[in-house]
Amino acid sequence: MIPAPRLIAIVGPTGAGKSDLALNLAEHIIAAGGKAEIINSDSMQFYRGMHIGTAKLSLVERRGIEHHLIDWLEITDESTAAEYQGAARPLIERLQSEGITPILVGGSMLYVAAVLNLFEFPARDETLRAKLEQDLIEVGPHELHRRLQAIDPIAASRIIPENGRRTVRALEIVTLTGEPFAAEIPEDIEDWQPVLEIGINGPREHLRERLAVRVAEMWKQGLVDEAAALQAQGIRDGKTSSRAIGYAQALAQIDGTMTETEAIADTVRLTQKYARRQMSWFRRDKRIHWLDYQDPQLRQKAIALVDEWLAI
């Protein structure tokens, strides 16, 4: 039986192995007589040239499976979940109309929610946004985060203090609507369309160690050289790209404000912190079927879920 092209999403913390599992599932669907393609939902993999620090798969590593929304933005572009929603949803519907099963893969929480959940983004106010972004430059992300904490503590608890862009957006929404930023993401999740969500995670301490090794390997692979080369393309002017975990530290190392040891340690710290935030977010989604990345039966269990979902 040729499987029906229904939506699948692979989510979880950074470094858990989402990309590899997605490839395995796509190959399984194809072997069963169907078609499958992968849609990226890692907001840093949108950018051309940012490879090492985002763990972006090379063309060879993609095993011939078509990938979408990778390398689709210039490094100076600003990435927003609203724009991603507008790109990903029509793509998903087009693939399904062509008999292709879309597999959404990534851990950027708001971007995943923007596609899977039924909600609309509040309007933007460019004047207010410009003022808040200037405040971000002048007083820094931690001060803006303290402002958000004072008026919307729930939203502040969901945004790391270092993420100035998210804090600016939250403050913009609260100011414009008079409602908490948390209202942007409803607690009662309503599906945009039916979806099988598979989550990958592991023991917290094991993941922490795994992420530390991963960051060290990125430095060995040449992350600092990659960041240096991206300066010519404008990474320092990118509102999103310049603040990406790993790239911000690599640029600081280039500037001499951090040693290599400090840059690696800070990247490890922030990556581990980000993974905790991811899990805090994803745990609220009761649709997710959680699997342990250390489980030797991981692939078989995920395939069983897919077979049931697609009625293979």
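Read on for an overview of the structure. (Residues numbered from 1 in each chain as written. Predicted model: local features only at pLDDT ≥ 70, side-chain atom pairs only at ≥ 80, totals over all residues. Heavy atoms only, no water.)

### A closer look at the side chain of Arg-129
Along the polypeptide, Arg-129 turns up in helix α4 (residues 126-139). Relative accessible area serves as the criterion here: at 5%, Arg-129 is assigned to the buried category. A polar atom in the side chain of Arg-129 sits 2.8 Å from the side chain of Glu-172. In contact with Arg-129, not counting residues within four places along its chain, are Glu-78, Arg-124, Val-168, Arg-169 and Glu-172. (Helix = DSSP H or I, 4+ residues; strand = E, 2+ residues; numbered from the N terminus. Buried < 20%, exposed > 50% of the residue type's maximum accessible area, 1.4 Å probe, protein only. Polar contact = N/O pair within 3.5 Å; in protein donor to acceptor, adjacent residues only side chain to side chain. Contact = heavy atoms within 4.5 Å.)

### A look at the packing of aromatic side chains
Evaluated as defined, the whole model comprises 4 aromatic pairs. For the ring pair Phe-46 and Trp-72, a centre distance of 5.4 Å and an interplane angle of 75° mean the geometry is edge-to-face. Here the residue Phe-46 occupies a position in the loop between β2 (35-40) and β3 (67-68), and Trp-72 occupies one in the loop between β3 and α2 (81-97), the gap between them amounting to 26 residues. Judged by its relative accessible area of 28%, Trp-72 is partly exposed. (Phe/Tyr/Trp six-rings, centres within 6.5 Å; stacked < 30°, edge-to-face > 60°.)

### Overview of the environment of Gln-300
Structurally, Gln-300 is set in helix α12 (residues 298-310). Given the relative accessible area of 42%, Gln-300 is considered partly exposed. As for Gln-300 and Leu-25, which are separated by 275 residues in sequence, their C-alpha atoms are 9.7 Å apart.

### Quick look at the pattern of salt bridges
Scanning the entire structure with this criterion turns up 22 salt bridges. Among the ionic pairs, Arg-129 bridges to Glu-172, the shortest N-O distance being 2.8 Å. With a gap of 43 residues between them, Arg-129 in helix α4 and Glu-172 in helix α7 (residues 164-177) connect regions that are remote in the sequence. Like Arg-129, the residue Glu-172 is buried in the burial classification. Its salt-bridge partner being Lys-301, residue Asp-295 comes within 2.6 Å of it at the nearest N-O pair. Counted as one network, the salt bridges with shared partners bring together Glu-78, Arg-129, Glu-133, Arg-169, Glu-172 and Lys-239. (Salt bridge = Lys/Arg side-chain N within 4 Å of Asp/Glu carboxyl O.)

### A few points about the layout of surface pockets
Space inside the second largest pocket adds up to approximately 220 Å³. His-51, Ile-52, Ala-55, Lys-56, Arg-210, Val-213, Arg-214, Glu-217, Met-218 and Gln-221 are the residues that line the second largest pocket. (1 Å grid on protein atoms, 1.4 Å probe; cavity = no way out; pocket = protein on both sides within 12 Å on 5 of 7 lines; lining within 4 Å. Points joined across faces, edges and corners; volume = space filled by probe spheres on them.)

### Re the pairing of strand β1 (residues 7-11)
The element β1 is extensively covered by neighbouring structure, given that 5 of its 5 residues are classed as buried. Going residue by residue along β1, you find Leu-7, Ala-9 and Val-11 tucked away on one face and Ile-8 and Ile-10 tucked away on the opposite face as well. Bridge count between β1 and strand β5 (residues 195-201): 5 bridges; the pairing is parallel. In the sheet register, Ile-10 faces β5, and the bridge partner there is Ile-198. (Pairing = 2+ DSSP bridges.)

### Description of the packing of helix α5 (residues 141-151) against α7
Relative orientation of the contacting elements α5 and α7 amounts to 35°, with a least axis distance of 9 Å. For α5 against α7, the interelement crossing comes out left-handed. Of α7, the residues touching α5 (which contributes Pro-141, Leu-144, His-145, Arg-147, Leu-148 and Ile-151) are Gly-164, Thr-167, Val-168, Ala-170, Leu-171 and Val-174. Here the residues of the contact of α5 with α7 sort into 8 nonpolar, 3 polar and 1 charged. (Axes fitted to C-alpha atoms, helices over the stretch in contact; angles between N-to-C directions. Left-handed = near helix turned anticlockwise from the far one by under 90°. Nonpolar A, V, L, I, M, F, W, Y, C, P; charged D, E, K, R; others polar.)

### Concerning the environment of Pro-161
Within the element layout of this structure, Pro-161 appears in the loop between α6 (153-157) and α7. On the basis of relative accessible area, Pro-161 is assigned to the buried category, the value being 15%. Those residues in contact with Pro-161 that sit more than four places away from it in its chain are Pro-141, His-142, His-145, Lys-273 and Arg-277.

### Notes on the sheet that holds β1
In spatial order, the strands read β3-β2-β4-β1-β5-β6; together these 6 strands make up an open sheet with parallel pairing. Each edge of the open sheet carries a strand with a single partner, namely β3 and β6 (288-292). The pairing of β2 with β3 spans 2 bridges and is parallel. Within β3, the residue paired with Ile-38 across the bridge is His-67.

### Observations regarding the packing of helix α8 (residues 204-221) against helix α11 (residues 260-282)
Packing of α8 against α11 brings their axes to within 9 Å, and their N-to-C directions diverge by 140°. Judged by the angle between their axes, α8 and α11 are oblique. Where α8 crosses over α11, the two elements pack in a sense that is right-handed. Each of Arg-204, Leu-207, Arg-208, Leu-211, Ala-212, Val-215 and Trp-219 in α8 lies in contact with α11, whose residues at this interface are Glu-260, Ala-263, Ile-264, Thr-267, Val-268, Thr-271, Gln-272, Ala-275 and Arg-276. Of the residues belonging to the contact of α8 with α11, the class tally is 9 nonpolar, 3 polar and 4 charged. (Parallel < 35°, antiparallel > 145°, perpendicular 65-115°, else oblique.)

### Topic: unusual backbone geometry
Notably, Arg-63 is not glycine yet its phi reads approximately 55°, a positive angle. Note that Arg-63 resides in the loop between β2 and β3. Residue classification places Arg-63 among the partly exposed residues on the basis of a relative accessible area of 33%. Here the phi dihedral of Asp-71 falls at roughly 60°; this positive angle occurs in a residue that is not glycine. As for its placement among the helices and strands, Asp-71 is situated in the loop between β3 and α2.

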